[in-house]
Amino acid sequence: MSTIHTSSGISTLVGTPKEIQSRLGKSHADRVLVMTFTQQKPDVVETLTENILNMTLSMFEVLRERQEQSSLERLAEIMLPAAPVSPRLLKEASMLIQARKAVLESGDWLTAANVAELAGFSARNPSAQPNKWKKQKQIFTIMHNGVDYYPGYALDAEANFRPVAALSEIIAIFTDRKDGWGMAYWFRSDNSFLGGKRPQDLLVTEPERVIAAARDEVEEVAHG
């Protein structure tokens, strides 16, 4: 009995039914194609088998290339937008990127570990207390690359770096209107109600004015 192996995972067995049956019993192949010949010379059968094998390999390569190309096309379709992006959407995306970049580069943001260190919390689980403040809506966060960042200007140094008491009221005012990023933009923007000053600069020293500015912001939006 003769055996021909290829690098493509295809092999042929040529022999008597008994020999083939014995080898197939030990085979780990997923699929088997059987061809039988009656009253044919062994050398003729082996030549024919070799030709069939070569043809099969050629067809296999063509099919695999087509399958790979099809997979690439499907992957490209998934990654591309469902429809061409409008100039307006591209402009809005560019503005959003610039706004977030400005927030992140402002130096106003701290990780939970940074907050815990400033406030003197245990280093064993530094994010526990900052996360508790967030859940209780005493402070807000922005998320970037899967990490929560806390506004440093919302921590009162005179109170051992706890959240400014007025912040929870401001968060309540903006509930369902601004998420963390929205509040970050508002706090760092010049505010006409505050005489052109930024809310974050007055949060600790003049919290009532900032609360009033937040209410004005919501009322102004409500009245268009």
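Cut-offs applied
- Residues numbered from 1 in each chain as written.
- Predicted model: local features only at pLDDT ≥ 70, side-chain atom pairs only at ≥ 80, totals over all residues.
- Heavy atoms only, no water.
- Helix = DSSP H or I, 4+ residues; strand = E, 2+ residues; numbered from the N terminus.
- Buried < 20%, exposed > 50% of the residue type's maximum accessible area, 1.4 Å probe, protein only.
- Contact = heavy atoms within 4.5 Å.
- Areas by Shrake-Rupley, 256 points an atom, 1.4 Å probe, with all protein chains shown as cover.
- Core = buried A, V, L, I, M, F, W, Y, C linked by side-chain atoms within 4.5 Å.
- Pairing = 2+ DSSP bridges.
- 1 Å grid on protein atoms, 1.4 Å probe; cavity = no way out; pocket = protein on both sides within 12 Å on 5 of 7 lines; lining within 4 Å.
- Points joined across faces, edges and corners; volume = space filled by probe spheres on them.
- Nonpolar A, V, L, I, M, F, W, Y, C, P; charged D, E, K, R; others polar.
- Arc of directions from axis to C-beta.
- Axes fitted to C-alpha atoms, helices over the stretch in contact; angles between N-to-C directions.
- Parallel < 35°, antiparallel > 145°, perpendicular 65-115°, else oblique.
- Left-handed = near helix turned anticlockwise from the far one by under 90°.

Chemist: Before we move on, could you go through the overall build of the protein and cite the residues and values that matter?
Modeler: Each helix and strand in the protein was counted, giving 9 helices and 7 strands. Residues classed as buried in the protein amount to 24% of the 224 residues present. Of all intrachain contacts in the protein linking residues separated by at least 6 positions in sequence, the fraction that spans at least 24 positions is 53%. Element-wise, carbon and sulfur atoms account for 53% of the exposed surface of the protein, whose accessible area totals about 15,800 Å².

Chemist: Outline the nonpolar core, supporting the account with residue identities and numerical values.
Modeler: Phe140, Leu167, Ile170, Phe174, Trp186, Phe187 and Leu203 are the most contacted members of the largest nonpolar core, which totals 33 residues. In this view, phenylalanine 174 contacts Met183, Trp186, Ala214, Glu217 and Val218; residues no more than four positions away in its chain are not counted.

Chemist: Describe the sheet that holds strand S5 (residues 147-151), naming the residues involved and giving the relevant values.
Modeler: Ordered in space as S3-S5-S4, the 3 strands form an open sheet in which the pairing is antiparallel. On the outer flanks of this sheet lie strand S3 (109-110) and strand S4 (142-144), each paired with one strand and no other.

Chemist: An account of the side chain of asparagine 191 is requested, with residue identities and associated values reported.
Modeler: As for its position among the elements, asparagine 191 is in the loop between helix H7 (180-188) and helix H8 (199-202). Other than its neighbours up to four places away in sequence, asparagine 191 contacts Trp186, Gly196, Lys197, Pro199 and Ala213.

Chemist: With reference to specific residues and values, describe the environment of proline 42.
Modeler: Take proline 42: it is sitting in helix H2 (residues 42-79). Along the backbone, proline 42 and glycine 15 are 27 residues apart, and their C-alpha atoms lie at a distance of 8.5 Å.

Chemist: Residues and numbers for the layout of surface pockets, please.
Modeler: Considered as a void within the structure, the second largest pocket measures approximately 200 Å³ in volume. Of the residues that constitute the lining of the second largest pocket, the class distribution is 5 nonpolar, 3 polar and 5 charged.

Chemist: Describe in detail helix H6 (residues 165-173), supporting the description with residues and values.
Modeler: Residues of H6 that are buried: Ala166, Leu167, Ile170, Ile171 and Ile173. Down the axis, H6 shows its buried residues gathered within 155 degrees of arc, on one side only.

Chemist: Break down the packing of helix H3 (residues 87-104) against H7 for me, with residues and values.
Modeler: Taken N-terminus to C-terminus, the directions of H3 and H7 make an angle of 70 degrees; their axes are 10 Å apart at the nearest point. With respect to H7, the axis of H3 lies roughly perpendicular. The crossing of H3 and H7 is left-handed. Side by side, H3 and H7 meet where Leu96, Ala99, Arg100, Ala102, Val103 and Leu104 of the first sit next to Trp181, Ala184, Tyr185 and Arg188 of the second. Of the residues belonging to the contact of H3 with H7, the class tally is 8 nonpolar, no polar and 2 charged.

Chemist: So, unusual backbone geometry: which residues are in play, and what are the values?
Modeler: For asparagine 145, which is not glycine, the phi torsion reads 55 degrees and is therefore positive. With respect to the helices, strands and loops of the structure, asparagine 145 is situated in the loop between S4 and S5. The phi dihedral of aspartate 176 falls on the positive side, at around 70 degrees, and the residue is not glycine. One can find aspartate 176 in the loop between H6 and H7.

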